[in-house]
Amino acid sequence: SYGKKVALIEATGRLGGTCVNVGCVPKKIMWYAADAAERLRSAASYGFADSVNTAAPAKFDWDSFKPKRDAYIRKLNGIYDNNLTKEGVEYHVGYARIKDPNTVEVTANDGTKYDLKGDYINITTGGRPVIPSDEEIPGASLGINSDGFFDLPSQPKRVAVIGAGYIAVELTGIFNALGTESHIFVRGDNVLRTFDPDIQKTLTSWMEHTGVHVHKNSNVAKLEGTKGGPITLHTKQGESVEVDCVIWAIGRRSNTDDIGLENVPEIKTNKHGDIIVDEWQATPYKSIFALGDVAGKELLTPVAIAAGRRLSNRIFGPEKFKNDKLDYTNIPTVVFAHPTIGTVGLTEPKAREKYGDENIKIYKSSFRALYFSMLEENHKEPSMFKLIVQGPEEKVVGIHILGMGCDEIMQGFGVAVKMGARKQDLDDTVAIHPTSAE
């Protein structure tokens, strides 16, 4: 802490942003519930004969679990509130609009307005999931978005998730593991089309194996039905599927539509509403910065935290931090699919494009984690580990792993890649046995 006077303005009254309220944290809790269902189904293979070990999942009590999950999120909101008080941060519940490069107008919940002035303004308004308009796709509003997933009071029996990205994959996996008839509609041949091709193919195949209905090369034409009741999804390819809930997971848009950018006209946004900043998170105004999802680069909570710390260091810190900024290369990330995925660095196509085919070598291993040795063949989850190296020194430029535990494994390998590890460095490290990570 640099002891500066700080005001934080939040419209919802719930601190923590997307991650805490309708993102990473409640999603991971739901993933744990889904993972517990999968472990219960394999318990008999480990000698617990009275446990569930059939194709049908153990019954999950969504109705009682949701309030418990929500209570934990409210607890986190309170912790953040207390932290602000301890640090002396002014917390304003209201809607903020920029009036000029040093002034923000706050509209409180009761409609009163007042101004806050400061040396700096940091825009961290985040983003929101998008849903097509009914003009674009008739009946689109019958569906909900990923925020709405956390509002569902009961578990739908049948669900259609539209989208191929990590949010679509994670929600589909949770539903499927908990026993909902799950459909995912993707425009291409695989899910996660921005990920390494081997990740795409392995996960798509396993999702189909576990009962997910993957509708490939599909474009939604219209939705018919009633919100909260049966909805029929029609594709342009002539397919029709009836479900109880439709979730749009087709992308996000930054919250910049009504924050007063017209009063600071040199700030520009792109087609997604992202504020265009330079490598220092700076706008054309020396007093205004933007970071996190609203800046449109690597939409991950730890990225926003890291960028914020470096910005604070550079503006208010000692001389050693005068050039502090976030390096956006080699940021590790995880997909909480079933199984989990970890990735850092370049995909194989990107590596070949950057360095040339002759300078790239691939090391890949496909196997089953030891945990599955006691399970029937049909239930043995895949693992796929892929190492992409460049040049004669075999510098590691990409790691892509899928399988049990990969969410935890990736953090350490993220450090290694960030430090410029070579394959020889990995070979020189004595393995931990028996683990997938070895």
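Presented here is an overview of the structure given in this document. (Residues numbered from 1 in each chain as written. Predicted model: local features only at pLDDT ≥ 70, side-chain atom pairs only at ≥ 80, totals over all residues. Heavy atoms only, no water.)

1. Regarding helix α3 (residues 62–87)
Because each turn of an α-helix spans 3.6 residues, side chains separated by three or four positions in sequence point in the same direction. Between the first and last C-alpha of α3 there are 38 Å, a value that for 26 residues agrees with the 38 Å anticipated at 1.5 Å per step. Residues of α3 that are buried include every one of W62, K66, R69, D70, I73, L76, N77 and L84, and no others. Of the surrounding secondary structure, the elements contacted by the buried residues of α3 are β1 (7–10), α1 (17–22), α2 (24–42), β2 (90–100), α4 (146–149) and α5 (166–177). The positive-phi residue at the C-terminal boundary of α3 is G88, with phi of around 80°. (Helix = DSSP H or I, 4+ residues; strand = E, 2+ residues; numbered from the N terminus. Expected span 1.5 Å × (residues − 1). Buried < 20%, exposed > 50% of the residue type's maximum accessible area, 1.4 Å probe, protein only. Contact = heavy atoms within 4.5 Å.)

2. As for the pattern of salt bridges
Taken as a whole, this structure holds 28 salt bridges when the rule is applied. Of the charged contacts in the structure, one is a salt bridge between D70 and K66, with a shortest N-O distance of 2.5 Å. Placement of both D70 and K66 in helix α3 is noted, with a separation of four residues, approximately one turn of the helix. Summarising the burial analysis for this pair, D70 and K66 share the class buried. With its nearest N and O atoms 3.7 Å apart, the salt bridge here joins D357 to R352. (Salt bridge = Lys/Arg side-chain N within 4 Å of Asp/Glu carboxyl O.)

3. Overview of a nonpolar patch on the surface
Residues Y2, Y120 and F316 make up a contiguous nonpolar surface patch of about 270 Å² in total accessible area. As for its position among the elements, F316 is in helix α7 (residues 301–316). With a relative accessible area of 32%, F316 lands in the partly exposed category. (Patch = residues over 30% accessible without salt bridge, like charges linked within 9 Å, V, L, I, M, F, W, Y side chains within 5 Å. Areas by Shrake-Rupley, 256 points an atom, 1.4 Å probe, with all protein chains shown as cover.)

4. Focus on empty space enclosed by the protein
Tallied over the full model, the rule gives one cavity of 30 Å³ or more. If you add up the space inside the largest cavity, you get close to 40 Å³. Forming the boundary of the largest cavity are G292, D293, A295, K297, E298, L300, V303, A304 and Y328. The class makeup of the residues in the lining of the largest cavity is five nonpolar, one polar and three charged. (1 Å grid on protein atoms, 1.4 Å probe; cavity = no way out; pocket = protein on both sides within 12 Å on 5 of 7 lines; lining within 4 Å. Points joined across faces, edges and corners; volume = space filled by probe spheres on them. Nonpolar A, V, L, I, M, F, W, Y, C, P; charged D, E, K, R; others polar.)

5. Section: the environment of G17
On the secondary structure map, G17 appears in helix α1. Here the alpha-carbon distance between G17 and D119, two residues 102 residues apart in the chain, equals 24 Å.

6. Considerations on the sheet that holds strand β19 (residues 383–390)
Pairing within the open sheet is antiparallel, and its five strands lie in the order β16-β17-β20-β19-β18. Unpaired on one side and paired on the other, β16 (333–335) and β18 (360–367) mark the two borders of the sheet. This sheet shows a mean twist of 15° between the axes of neighbouring strands, independent of strand direction. Sheet topology places β19 next to strand β20 (residues 395–402); seven bridges connect them, and they run antiparallel. In the strand pairing of β20, I388 is matched with G398. Each of β18, β19 and β20 is contacted by helix α8 (residues 348–355), which is oriented at about 170° to β18, the strand it contacts most. (Pairing = 2+ DSSP bridges. Axes fitted to C-alpha atoms, helices over the stretch in contact; angles between N-to-C directions.)

7. Here's the deal with the pairing of strand β10 (residues 220–225)
Bridge count between β10 and strand β11 (residues 231–235): five bridges; the pairing is antiparallel. In the strand pairing of β11, E224 is matched with T232. Hairpin remark: β10 followed by β11, antiparallel, with five residues in the connecting loop; positive phi at G228, about 90°.

8. A look at the layout of surface pockets
Approximately 850 Å³ is the volume attributed to the second largest pocket. Lining of the second largest pocket is provided by 32 residues; of these, F385, F413, S436, A437 and E438 occupy positions nearest its centre. Of the residues assigned to the lining of the second largest pocket, the class counts are 20 nonpolar, five polar and seven charged.

9. Things to note about unusual backbone geometry
In this structure, P339 follows H338 across a cis peptide bond, with omega equal to 10°. For the bond from H433 to P434, the omega torsion is -5°, close enough to zero to count as cis. With respect to the helices and strands, P434 occurs in the segment after α10 (423–428). In the Ramachandran plot, Q281 falls in the positive-phi region, its phi being about 70° despite a non-glycine side chain. Structurally, Q281 can be placed in the loop between β14 (252–254) and β15 (288–290). Using a relative accessible area of 4% as the deciding quantity, one classes Q281 as buried.

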